[in-house]
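Geometric and topological summary
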Amino acid sequence: MKLSSLRYIIRDAFQSIRRNAIMTIASVATMSISLLILGSAWLLVLNSQHMASAMESELEINAYLQQELTREEALNLRRALEAVPGVAKVSFVSREEGLQRLQDRFGEETSIVDTLGESNPLPDMYSIKAEIAEEVPQIAQAIQEVEGVDTVRYGQGMVEKLLAFTQWLRTAGIVLVVAIGLGAVFLIATTIRLTVFARRKAISIMKLVGATDWYIRMPFLLEGMIIGFLGAGLAVLCLQLIYNQLVQNIMVTLNFLPILQDESLIKSVYKSLLLIGTSLGAIGSVISMHRFLRI
Amino acid sequence: MIQFFNVSKTFYGEVKVEALIDINLHIKKGEFVFLVGPSGAGKSTLTRLLIREELPTKGQLLVEDRSLLRMKGKEIAYYRRKIGFVFQDFRLLMNRTVYENVAFAMEAIEMPAAEIRERVPAILEMVGLKDKLHAYPHQLSGGQQQRVCIARAVVNDPKIIIADEPTGNLDPDNSWEVMTLFRAINKRGTTVIIATHDRDMVNLMKKRVVALSNGRIVRDEERGEY
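Quick notes on the rules
- Residues numbered from 1 in each chain as written.
- Chains lettered and ligands numbered in written order.
- Predicted model: local features only at pLDDT ≥ 70, side-chain atom pairs only at ≥ 80, totals over all residues.
- Helix = DSSP H or I, 4+ residues; strand = E, 2+ residues; numbered from the N terminus.
- Buried ≥ 20, exposed ≤ 12 C-beta atoms within 10 Å, placed from the backbone.
- Contact = placed C-beta atoms within 7 Å.
- Rg over C-alpha atoms; globule rule 2.2 N^0.38 Å.
- Core = buried A, V, L, I, M, F, W, Y, C linked by C-beta atoms within 7 Å.
- pLDDT = per-residue confidence, 0-100.
- Pairing = 2+ DSSP bridges.
- Axes fitted to C-alpha atoms, helices over the stretch in contact; angles between N-to-C directions.

**Digging into the overall build of chain B**
Helix and strand counts for chain B come out as 7 helices and 10 strands. With respect to the three principal axes, the spread of C-alpha positions in chain B is 45 × 40 × 35 Å. Counting only residues that meet the buried cut, chain B has 45% of its 226 residues in that class. Excluding contacts between residues fewer than 6 apart, the proportion of contacts in chain B whose partners are at least 24 apart in sequence is 68%.

**A look at the overall build of chain A**
On a plain count of helices and strands, chain A comes out with 10 helices and 4 strands. What you see for chain A is a C-alpha radius of gyration of 31 Å, clearly larger than the 19 Å of a compact globule of 295 residues, by over 25%. Within chain A, the proportion of its 295 residues that are buried is 29%. For chain A, contacts bridging at least 24 residues in sequence account for 87% of all contacts bridging at least 6.

**A closer look at the environment of K267 of chain A**
If you trace the backbone, K267 of chain A turns up in helix α10 (residues 263–293). On a C-alpha basis, the gap between K267 of chain A and G107 of chain A in space is 44 Å, while along the polypeptide they are 160 residues apart.

**Regarding the nonpolar core**
By size, the foremost hydrophobic cluster in this structure holds 111 residues, and its most contacted members are L35 of chain A together with L35, V102, I150, A151, I161 and I162 of chain B. In terms of residues, this core owes the most to one element, helix α9 (residues 213–253) of chain A, which gives 13 residues. Look past the residues within four positions of L35 of chain B in its chain and what remains in contact with it is K43, L46, I193, I194, A195, V210 and L212 of chain B. A63, L65, V84 and I143 of chain A belong to the second-largest nonpolar core, a separate cluster that totals 17 residues.

**Description of the confidence of the model for chain B**
With 100% of its residues at a pLDDT of 70 or more, chain B has an overall mean of 92. Model confidence for the complex: the whole-complex pTM is 0.72, and ipTM, which rates the interface, is 0.83.

**Description of the sheet that holds strand β2 (residues 87–93) of chain A**
Think of a sheet as strands paired side by side through backbone hydrogen bonds, with each pair either parallel or antiparallel. Residue and element names in this part refer to chain A. Within the open sheet, the 4 strands sit side by side as β2-β3-β1-β4. Their pairing is antiparallel. At either end of the open sheet lies a strand with only one pairing partner, and these are β2 and β4 (149–153). Each strand of the sheet is rotated relative to its neighbour by a mean of 25 degrees, with strand direction disregarded.

**Considerations on the pairing of strand β2 (residues 16–27) of chain B**
Every other side chain in a regular strand lies on the same face of the sheet, so the side chains alternate between the two faces. All names here are of chain B. As defined by bridge partners, strand β1 (residues 2–12) adjoins β2 across 8 bridges and the pair is classed as antiparallel. Along β2, the bridge assignment pairs Q3 with H26. Taken together, β1 and the strand that follows it, β2, pair antiparallel across an intervening segment of 3 residues.

As structure tokens, this is what we get:
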């Protein structure tokens, strides 16, 4: 492609953006609204997944040891527990510590130590974290088999429900983002088809005077990319504003909610939206033109 | 230069239309040919075959000894650069000036900017519009618009000019202006093919006349009449 041709193409793209100002504004608005919805859904999904992970990371398996074990035997069990596949972290809680924790939970008013006297009914125990939350039930079962372990508790019943819920949350999130993404693609494609349709006469003249298909496509491609980038930029700007505001408000009023604040992850969402917008604009233009190039 | 060998064109839509049937036609370089006949006789279809907008259903069509049937993609684009097409409805870009409309055809085939700046005003002077360079099409009369369309068709110096009802939307005075222009272009050696049902014009011009009726050639005369 010659340099002068490149100049015509760039000039044509900008001229068309300017001369079809209303169409351009409409396309940019459509693009940015679609991407704003997509971006919101995306951040919502990332947050719910973050919440799911946070809930899952709280999961613990408590392995209570048999009362007859000596302290030494109890401490030696650590190695056996660490050897169970899928176990991430094992920490020992002695019966004394256990009692202290119980006391802490009841508060100052009632002294458990006084009530119980000298006898501590609690066994020594290990608190165990799994590498993968989903495996908690199986790991618990394996730990039950370890010699010296009396009972295993991990919130049986609750955990399975929680895991089913977080799993559902993840799938639903992906489905939601994909569905909204497809909707955005459709909306953007329709808008671009309108802009191309408005210029079908110019395309047919170019075809008949012998312009090559790529030469005809280029200004549309460029225009699509510019519109896509502008729309996405606008969407990202709005999203950033709304999300930051939301995070601030939630941190004050609902501070127990684990809000996603991983800057680099959120930035990568914004970058992806810009990339998606720009490439949708480009691809949409080329595809919409196809029909008009067949002269 | 242009050779139709037993060319037929059938459109298969809701109803089958045989637009052209067994056409044999030879047009030499530098000729001036009128295609005449009533609406639906096949004149437009014939011109559309020549600009490779449609393909023949049967037969062979050669232009400068090259078959139009085997061309594809880029070849079609380069072939069309040899042809200037003039439309009945002018098909000018309404949001571009006269100058830009003509320059558009040169830019589309990637001509250098310096050549465009030189050639466009020269061509517009030839068609008598040198004082309308920066007017928009809606500010021009029908005849002037058609002359812009002709300027656009000849600006890339094509070997063949094809016009489909170029005077169909014009009054007699403007029609005559446009025809004179075609004759001048033909005098420079360009082959000119005009589809028309403008009886008076054809009779005045005394050129070769190919008459079509129901998709067949019914008459072909040198210096003929409608």
